[in-house]
Amino acid sequence: MENIIEVNHLRKSFGSLEVLKDINFNVEKGEVVTVIGSSGSGKSTMLRCINLLETPDSGEILVNGVNVMEGDINKHRSEVGMVFQSFNLFNNYTVLDNCVLGQTKVLKRSHKEAVDKAHQYLKKVGMDEFADKPSTLLSGGQKQRVAIARALCMDCVVLLFDEPTSALDPVTVGEVLDVMKQLADEGLTMVVVTHEMGFARDVSDRVVFMENGVIVEEGKPEDIFTAPKSESLQRFLGRFINQN
Amino acid sequence: MNLIEVISVTNPNMIVDAWNVFIKYKSLLLIGVRNTLIVALIGTLVGLLIGLVIGAIRAVTQNKEASDSAFIRIIKKIGYLITSIYVSIFRGTPMMVQAMFLFYALKPILNWNPISAACVIISINTGAYMAEIIRSGIQSVDRGQSEAARSIGMTSIQTMRYVILPQAIKNAFPSIGNEFIVNIKDSSVLSVIGFSELFWQAKSIAGSTFSTSEPFLVVAVMYFILTYATAMLLNYFEGRINHTKSSFPASQTVEDSTY
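Residues numbered from 1 in each chain as written. Chains lettered and ligands numbered in written order. Predicted model: local features only at pLDDT ≥ 70, side-chain atom pairs only at ≥ 80, totals over all residues. Heavy atoms only, no water.

## Observations concerning the environment of Asp97 of chain A
All names here are of chain A. Structurally, Asp97 can be placed in helix H3 (residues 95-105). On the basis of relative accessible area, Asp97 is assigned to the partly exposed category, the value being 28%. For the pair formed by Asp97 and Pro134, sequence separation is 37 residues and the distance between their alpha carbons is 9.2 Å. (Helix = DSSP H or I, 4+ residues; strand = E, 2+ residues; numbered from the N terminus. Buried < 20%, exposed > 50% of the residue type's maximum accessible area, 1.4 Å probe, protein only.)

Here it is as structure tokens:
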């Protein structure tokens, strides 16, 4: 299988705090990878580095074999979709225009083509009937589904999710996870930073566990959840099971 | 002369006299109103344009990013310094002084008349205030908005134009409107360069009638009507901006959901 994402020796510090210490990490085409770990372990920073929302201090990141630090950053970013914890829909646009804006301004599609595509993906996430509503009037789960549609409209090769359900209540978490499951089944390449252990166990092809800026353990979900090798992962999962 | 002054101070019929002044000099006063409104409107609109450009530059250059190269850092520093000088000077000196200095200093070169000078001076002055209003408006927009725009590949200029500035202007709308009201009043200082706005008309009426309080009472009422009507109008627009036409409570959308 070809690698969509290849991360080699990635390092990142904020001031004196070393957040990522020599991260090596690959994602194959069509693979769904979840990244778990406690807050402050560097999961989100790693994800944000892949989309260059944070600039790595050293190391290289290849997307589709191309080094993202070289060449057109904006072209690279349009290929890598990102879904945020706080949704970040454009507040000054309707649901439809949220999905159209990037297509017409970045990909230079005609307005009609962009609108057709937007409707197609809004249908997929079950939000097409809200197309003409202002994005500020939606509930959290609805906003996140629109945010997913917005990213899909850019025909991204991989979709990054940065704790997509952490700002949602337990009921609406389900509606977003359903959409993500559907996308996973359709073969979309996804990297999901999440605290939803159920999603990590049931949907992902591979689970990556991070702690203190390093990848401690990675493997198939059944191995990670039933036979964790490292002590820190056992501790992390133990705490998670106690909570539930 | 002395007698007239004393009478005018203690004039028991001041309101009636003021009304008579208004009737007699109506056409002059209305020209004053027109000129005041023109200069206030031009000053606010052009000032807003200046403020959008300068304010955007200030917001961008103030924001230091780790990914900036040394060259970009220097450019940002210079950009911030230059705009700071502009804002500090025009906010830090009275518009009356700016008007006198610029009008006479540039007269040999531009050979301009008071009305065009007044428009230019009030625009530059308002621009300095608008720049700070827009800058704080931009900084009040959630950081996630620009991250989302950048994450789908929009350039920083596209992000500013299509996502950040529209929201910044909406947030700053009350302050922008306030500048218009301030300009209606403060344009009176432009009478010092002989621009015949409302205050200047009152002064010339006072000169020909030998009474001061009555024309200025008239003008005070006229200024108040102008600013009050403007405030009402701005309130109306503010309400329109904040209530989008398909307004409904967020909770309602959940029940409509197909999920």
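## Quick notes on the sheet that holds strand S10 (residues 214-219) of chain A
Residue and element names in this part refer to chain A. On the basis of which strands lie adjacent, the open sheet formed by six strands has the order S6-S7-S8-S3-S9-S10 and mixed pairing. Bordering the open sheet on either side are strand S6 (80-83) and S10, each of which pairs with just one other strand. Strand-to-strand, the axes of this sheet are offset by a mean angle of 20°, without reference to chain direction. As paired strands, strand S9 (residues 206-211) and S10 are joined by five bridges and run antiparallel to one another. Within the sheet, the bridge partner assigned to Phe209 lies in S10 and is Glu217. (Pairing = 2+ DSSP bridges. Axes fitted to C-alpha atoms, helices over the stretch in contact; angles between N-to-C directions.)

## Section: the packing of helix H3 (residues 26-62) of chain B against helix H8 (residues 156-186) of chain B
All names here are of chain B. Close contact between H3 and H8 brings their axes to 10 Å; oriented N to C, the two are set at 140°. Seen from above, H3 lies across H8 with right-handed handedness. Between H3, through Thr36, Leu37, Ala40, Leu41, Gly43, Thr44, Leu48, Leu52, Ala56 and Val60, and H8, the contact on the second element is made entirely by Met160, Leu165, Ile169, Ile176, Glu179, Phe180, Asn183 and Ile184. Class assignment of the residues belonging to the contact of H3 with H8 gives a composition of 13 nonpolar, four polar and one charged. (Left-handed = near helix turned anticlockwise from the far one by under 90°. Contact = heavy atoms within 4.5 Å. Nonpolar A, V, L, I, M, F, W, Y, C, P; charged D, E, K, R; others polar.)

## Considerations on the UniProt feature "domain: ABC transporter" (unreviewed entry) in chain A
According to UniProt, the positions carrying the feature "domain: ABC transporter" (unreviewed entry) are residues 5-237 of chain A. Structurally, residues 5-237 of chain A is divided into 38% helix and 26% strand, and its ends, taken at the C-alpha atoms, are 27 Å apart. (UniProt positions renumbered as here; feature names shortened; annotations may be inferred.)

## Focus: the UniProt feature "transmembrane region" (unreviewed entry) in chain B
All names here are of chain B. Within this numbering scheme, the UniProt entry marks residues 37-57, 78-106 and 216-237 as carrying the feature "transmembrane region" (unreviewed entry). Taken end to end, residues 37-57 comprises 100% helix and 0% strand; its first and last C-alpha atoms sit 30 Å apart. Along residues 78-106 one finds 93% helix and 0% strand; the C-alpha atoms at either end are 27 Å apart.

## Things to note about the nonpolar core
If you look at the biggest cluster of nonpolar residues, it comprises 54 residues, and the most contacted ones within it are Ile5, Phe25, Leu160 and Val191 of chain A together with Ile138 of chain B. With 41 residues, the next largest nonpolar core counts Val32, Val100, Met180 and Val192 of chain A among its residues. (Core = buried A, V, L, I, M, F, W, Y, C linked by side-chain atoms within 4.5 Å.)

## As for the interface of chain B and chain A
With 29 residues of chain B at the contact, the number on the chain A side is 37 residues. Between chain B and chain A, the buried area comes to about 2,800 Å², and carbon and sulfur atoms account for 56% of it. Counting the contacts that link chain B with chain A gives one salt bridge. In this structure, Glu147 of chain B engages Arg48 of chain A in a salt bridge whose closest nitrogen and oxygen atoms are separated by 2.6 Å. With seven residues, the single largest contributor to the side of chain B that touches chain A is helix H7 (residues 143-151) of chain B. For the side of chain B that touches chain A, a count of residues per class yields 11 nonpolar, 14 polar and four charged. (Buried area = accessible area lost by both parts, 1.4 Å probe. Salt bridge = Lys/Arg side-chain N within 4 Å of Asp/Glu carboxyl O.)

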